[in-house]
Amino acid sequence: MKDKISNANFPKDGCTTSQSKRVANRVITVGDPARLHRFKRFLDAEPKPFELSSARGYTTVTGRYRGVPVTLIAIGMGVAMVDFFVREVRAVVEGDLAIIRFGSCGSLTSSLPVGSIGVPEQAMTISTNYAHWHGDAAAQEPPYLFSPAIPADPGLHDSLLSTLENAVASPSCKVHAPKLHASADCFYSSQGRIDRNFADDNDTLIDDLVAKNPDCSSLEMETAHLFHLASISRPSATPSRIRAAACHMVFAGRRGDGTGDFIDPDVVADLEPKVGRACLDAIIGWNVEREHPPAGTVWA
Ligand code: R1P
Ligand code: URA
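Residues numbered from 1 in each chain as written. Chains lettered and ligands numbered in written order. Predicted model: local features only at pLDDT ≥ 70, side-chain atom pairs only at ≥ 80, totals over all residues. Heavy atoms only, no water.

How do you make sense of the site of ligand 1 when you look at a structure like this?
By nearness alone, every residue bordering ligand 1 is listed as Gly 31, Arg 35, Met 77, Arg 101, Gly 103, Ser 104, Phe 187, Glu 220, Met 221 and Glu 222. Between ligand 1 and Arg 101 there is a distance of 3.0 Å, counted from an oxygen atom to a side-chain nitrogen or oxygen. Between ligand 1 and Met 221, the relevant distance is 3.0 Å, taken from an oxygen atom to a main-chain nitrogen or oxygen of the residue. Coverage of ligand 1 by the protein chains reaches 85% of its 350 Å² of free accessible surface. No other element matches strand 5 (residues 97-107), which puts 3 residues into the shell around ligand 1. Across the shell around ligand 1, the residue classes tally to 3 nonpolar, 3 polar and 4 charged. (Near = heavy atom within 4 Å. Polar contact = N/O pair within 3.5 Å; in protein donor to acceptor, adjacent residues only side chain to side chain. Areas by Shrake-Rupley, 256 points an atom, 1.4 Å probe, with all protein chains shown as cover. Helix = DSSP H or I, 4+ residues; strand = E, 2+ residues; numbered from the N terminus. Nonpolar A, V, L, I, M, F, W, Y, C, P; charged D, E, K, R; others polar.)

In structure tokens form, the structure reads like this:
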């Protein structure tokens with residue numbers, strides 16, 4: 001079944017994302033390739049990590065961390081990029097996949113201040129409802145749609161949370177486990193940023209979101225789709241599972257007391273390597289069933 005899917009739908013020599021088959025069962029994904037380049041130095045020097053940047057904007061580094069095969073992949077921004085990444089990695093990796101996303105977010109509550117870390121238990125989506133602007137029933141349609149909550153893998157979430165609490169938490173950096181995070185399909189309109197050049201109809205979006213989802217604490221763009229794909233992956237067909245969890249550094253205050261706050265670059269420089277290392281520690285500590293070393297000479 002898996003071969004059929006790969007052969008029919010995916011390029012023969014690796015994927016659109018150009019990860020080829022050199023992807024480990026344990027994956028850390030970030031958005032920004034610069035973030036990936038800053039923490040790929042944590043990988044073991046030997047065997048020399050495999051590295052590939054694709055024309056489609058993915059950067060993949062596969063190496064070992066404390067002897068365990070791990071892949072780091074920078075995917076850029078947005079739902080489409082997560083979707084290519086997860087589906088194409090699933091198509092080429094045998095066995096279970098454990099994926100941790102390490103990203104940044106905006107905060108909707110003063111209990112998750114700028115400079116803290118959120119490790120959400122669940123994530124929902126905020127999607128542009130095009131029917132609000134187009135078609136016969138436009139007047140009746142709301143501009144944005146809120147999905148139900150989609151859980152992270154509870155075990156991987158707990159393991160990531162406790163690793164971050166031990167390694168990163170300090171008086172100046174709290175590690176929280178918000179019940180709910182939201183991933184929007186855009187950075188501006190569907191995250192409630194006002195742009196007078198467009199009729200986004202989003203002036204009340206953040207208030208509506210929080211009124212309907214009082215637990216929703218933060219906003220970014222990819223995590224909910226990652227949790228969604230992990231939860232609908234078909235263990236019986238592959239046969240294997242995808243387990244996913246995420247942590248976000250809070251970059252911006254979007255609501256309440258912290259509105260307008262933005263993280264200091266020095267705080268990012270201090271936090272990012274600690275969080276990156278904690279993600280690596282959590283992923284290698286996780287028990288991956290049916291683990292296969294990635295293909296390629298250094299892995300033989
Ligand atoms: C927006 O600036 C980007 O930052 C966040 C959002 O999800 C979006 O991709 O993620 P990264 O910090 O992973 O880039
Ligand atoms: N990433 C987002 O998508 N939104 C924010 O507010 C901050 C980071």
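The rest of the description comes next.
What should I look at first to understand the pattern of salt bridges in this one?
Where charged atoms from two side chains of opposite charge approach closely, those side chains can pair. Enumeration over the complete set of coordinates arrives at 14 salt bridges. Across the pair Arg 87 and Asp 83 runs a salt bridge, and its minimum N-O distance is 2.9 Å. Of this pair, Arg 87 and Asp 83 are both found in helix 3 (residues 79-92), 4 residues apart, which corresponds to roughly one turn of the helix. The residue Lys 274 makes a salt bridge to Asp 270 at a minimum N-O spacing of 3.1 Å. Of this pair, Lys 274 and Asp 270 are both found in helix 7 (residues 265-285), 4 residues apart, which corresponds to roughly one turn of the helix. On the accessibility criterion, Asp 270 (40% relative accessible area) is partly exposed. (Salt bridge = Lys/Arg side-chain N within 4 Å of Asp/Glu carboxyl O. Buried < 20%, exposed > 50% of the residue type's maximum accessible area, 1.4 Å probe, protein only.)

When you look at the side chain of Thr 163 in this model, what are you seeing that I'm missing?
With respect to the element layout, Thr 163 can be found in helix 4 (residues 154-167). Engagement of the side chain of Thr 163 in a polar contact is seen with the backbone oxygen of Ser 159, the distance being 2.6 Å. For Thr 163, the residues in contact, after removing those within four places along its chain, are Ala 278, Asp 281 and Ala 282. (Contact = heavy atoms within 4.5 Å.)

Sorry if this is basic, but what is going on with the site of ligand 2 here?
Near ligand 2 the following residues occur: Ser 104, Cys 105, Gly 106, Phe 187, Gln 191, Arg 193, Leu 219, Glu 220 and Met 221. Measuring from a nitrogen atom of ligand 2, one finds a side-chain N or O atom of Gln 191 at 2.8 Å. With the chains in place, 90% of the 240 Å² that ligand 2 exposes on its own is no longer accessible. If you tally residues by element for the shell around ligand 2, the top one is strand 5, at 3 residues. Grouping the constituent residues of the shell around ligand 2 by class yields 4 nonpolar, 3 polar and 2 charged.

I tried to follow the side chain of Asn 213 on my own but got confused; where do I start?
In this structure, Asn 213 sits in the loop between helix 5 (205-212) and strand 12 (216-220). Residue classification places Asn 213 among the buried positions, given a relative accessible area of 16%. Those residues in contact with Asn 213 that sit more than four places away from it in its chain are Met 124, Phe 146 and Leu 180.

What exactly am I supposed to notice about the pairing of strand 13 (residues 242-253) here?
Along any regular strand, the residues point their side chains to alternate faces of the sheet. Counted residue by residue, strand 13 has 11 buried out of 12 residues, so it is predominantly covered. Here strand 6 (residues 117-118) runs beside strand 13; their pairing, made up of 2 bridges, is antiparallel. Paired with Ile 117 across the bridge in strand 13 is Met 249. (Pairing = 2+ DSSP bridges.)

What exactly am I supposed to notice about the state of the cysteines here?
Cysteine pairs can be linked by a disulfide, which is a covalent bond between their two sulfur atoms. In this structure the tally under the stated criterion is 0 disulfides. Not part of a disulfide, Cys 105 finds its nearest cysteine sulfur in Cys 247, a span of 9.9 Å. For Cys 105, a relative accessible area of 5% gives the class buried. With no disulfide partner, Cys 247 has as its closest neighbouring cysteine sulfur the one in Cys 279, 3.6 Å distant. Using a relative accessible area of 0% as the deciding quantity, one classes Cys 247 as buried. (Disulfide = S-S within 2.5 Å.)

Honestly, the environment of Met 81 in this entry has me stumped. Any pointers?
One can find Met 81 in helix 3. Put simply, Met 81 and Arg 56 are 25 residues apart on the chain and 9.2 Å apart in space, counted from C-alpha to C-alpha. For Met 81, the contacting residues outside a window of four places in its chain are Arg 56, Gly 57, Tyr 58 and Ile 75.

How should I be thinking about the nonpolar core in this particular structure?
Within soluble globular proteins, side chains that are nonpolar generally end up buried alongside one another. Within the largest apolar cluster, 39 residues are counted, with the highest numbers of intra-cluster contacts made by Ile 117 and Leu 164. For this core, the secondary structure elements donating two or more residues are strand 1 (26-30), helix 2 (33-39), strand 3 (59-65), strand 4 (68-74), strand 5, helix 4, strand 13 and helix 7. In terms of residue count, the dominant contributor to this core is helix 7 (9 residues). Leave out the neighbours within four places in its chain, and Ile 117 touches Leu 112, Leu 164, Val 168, Cys 173, Lys 174, Val 175, His 176, Cys 247, His 248, Met 249, Leu 271 and Val 275. Within the second largest apolar cluster, 25 residues are counted, among which are Ile 73, Ile 75, Val 92 and Leu 226. (Core = buried A, V, L, I, M, F, W, Y, C linked by side-chain atoms within 4.5 Å.)

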